[in-house]
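Residue-level structural notes
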Amino acid sequence: AKASGRSRWSFFSSSMQEQVLAKDKLSRELRHAIDNDLLDVAYQPQISHDGRQVTSLEALARWRHPEMGAISPVRFIPLAEETGLINDLGMWILRRACRDADQWPHLTIAVNVSPSQFKHPRFVEQVLETLETFSIPPQRLEIEVTESVFASDEHAILTAMKRLKDLGVKIALDDFGSGYSSLSYLRKFPFDTLKIDRCFLTAFDDGAEARAIVKTIIALGKALGMEIVGEGVETIEQLDFLLENGCDRIQGYFIAVPLTRPRLKEFLVVHAED
Ligand code: C2E
Ligand code: CA
Ligand code: CA
Ligand code: CA
């Protein structure tokens, strides 16, 4: 029993060690990808409530690993946050999005920003420098934050947000309703846009509750002067419901998946002809 106990212990121990090593390797490879422009950005269109116009693009990070293939941001973004790479990764995405934005002068570009980026003392300056470098008016940038931004250092984040907003940058609250947000944050923080969490649309077909929640979020956001984005829209029923209830912008596979630049170009041509 003793022997098997020991071997079990060493089994777990070596597998944990392997995990640590694998993680270490992956984070070094991510570092390398950031430094050598090996990441990419996909753009998911958002359309206006009348369905006629593409208004915005959400920039989404993509990483094609040389051996493992595409790795989801759901995996590498938390890894970047854990290993301190998120500031550099976030700035890489922002720069790339601003560089690309030149091709679509009439569209707003939405970029996801992690809480730790917001806490970086030079974050606001870095955003401004990037906008200037690529001659992007601040009004064309929308920064998306999730409710996790409220978890710490409220004062620093609020200060940074207000500075960005004063300069014209738009701020969106992403995944609204998914986390531990309190409604008081909607008053305290200067959000321009509210993105309804996808889970309410996923639950949409199950019955009246999810619909009631979606309806209420739209009404609440509008009453507070915010624009509402419905994301994760996959069906015509979801689309119709959102539009009937006054949702301002629609994003989801029903409209388009996140697209590479050539695919986006095609999409914009086709969409302009409708
Ligand atoms: P998110 O910000 O909520 O982005 C929307 C995610 O939903 C994207 O997943 C998008 O591909 C997916 N999606 C869009 N429409 C639909 C739909 O109709 N149905 C379904 N089931 N999914 C849809 P993606 O690209 O895998 O990104 C996952 C998450 O990773 C993002 O969620 C965001 O939290 C994070 N992320 C991605 N890029 C960045 C980045 O550059 N910086 C930071 N900080 N986070 C990022
Ligand atoms: Ca987002
Ligand atoms: Ca979201
Ligand atoms: Ca999310």
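First, a word on scope: everything that follows refers to the structure included in this document. The model shown is predicted, which means the values in this text are computed figures rather than measured ones. (Residues numbered from 1 in each chain as written. Chains lettered and ligands numbered in written order. Predicted model: local features only at pLDDT ≥ 70, side-chain atom pairs only at ≥ 80, totals over all residues. Heavy atoms only, no water.)

Turning to the overall build of the protein, a few remarks are in order. From N to C terminus, the protein includes 11 helices and 9 strands. Computed over its C-alpha atoms, the radius of gyration of the protein comes to 21 Å, within 12% of the 19 Å expected for a compact globule of 274 residues. Considering only contacts in the protein between residues 6 or more positions apart, those separated by 24 or more positions represent 67%. Counting every atom, the protein has about 14400 Å² of accessible surface; 54% of that belongs to carbon and sulfur. Taken as two groups, the 32 positive and 40 negative side-chain charges of the protein have centres that lie 5 Å from each other. (Helix = DSSP H or I, 4+ residues; strand = E, 2+ residues; numbered from the N terminus. Rg over C-alpha atoms; globule rule 2.2 N^0.38 Å. Contact = heavy atoms within 4.5 Å. Areas by Shrake-Rupley, 256 points an atom, 1.4 Å probe, with all protein chains shown as cover. Lys, Arg positive; Asp, Glu negative; His and termini not counted. Charge placed at Lys NZ, Arg CZ, Asp CG, Glu CD.)

To continue, consider unusual backbone geometry. For Asp-37, which is not glycine, the phi dihedral falls at a positive 55 degrees. Mapped onto the fold, Asp-37 is located in the loop between helix 1 (2-35) and strand 1 (39-48). Here Ser-135, not a glycine, exhibits a phi torsion of approximately 50 degrees, which is positive. Locating Ser-135 in the fold gives a position in the loop between helix 5 (123-133) and strand 5 (141-146).

Counting 79 residues, the largest nonpolar core has Leu-30, Phe-118, Ile-143, Met-161, Leu-164, Phe-191 and Leu-242 as the members making the most contacts within it. Counting residues per element, this core draws most heavily on helix 3 (residues 86-101), at 9 residues. Setting aside its immediate chain neighbours within four residues, Leu-30 contacts Leu-39, Trp-63, Phe-76, Leu-79, Ala-80, Leu-85 and Leu-89. (Core = buried A, V, L, I, M, F, W, Y, C linked by side-chain atoms within 4.5 Å. Buried < 20%, exposed > 50% of the residue type's maximum accessible area, 1.4 Å probe, protein only.)

With that settled, consider the site of ligand 1. In the neighbourhood of ligand 1, 21 residues make up the surrounding shell, with Arg-62, Ser-114, Arg-198, Glu-234 and Tyr-253 lying closest. Taking Asn-112, its side chain carries an N or O atom lying 3.1 Å from an oxygen atom of ligand 1. At 2.8 Å from an oxygen atom of ligand 1 is found a main-chain nitrogen or oxygen belonging to Tyr-253. Burial of ligand 1 by the protein amounts to 84% of the accessible area it has alone, namely 800 Å². Secondary structure elements with two or more residues in the shell around ligand 1: strand 2 (54-65), helix 2 (73-82) and strand 6 (170-176). (Near = heavy atom within 4 Å. Polar contact = N/O pair within 3.5 Å; in protein donor to acceptor, adjacent residues only side chain to side chain.)

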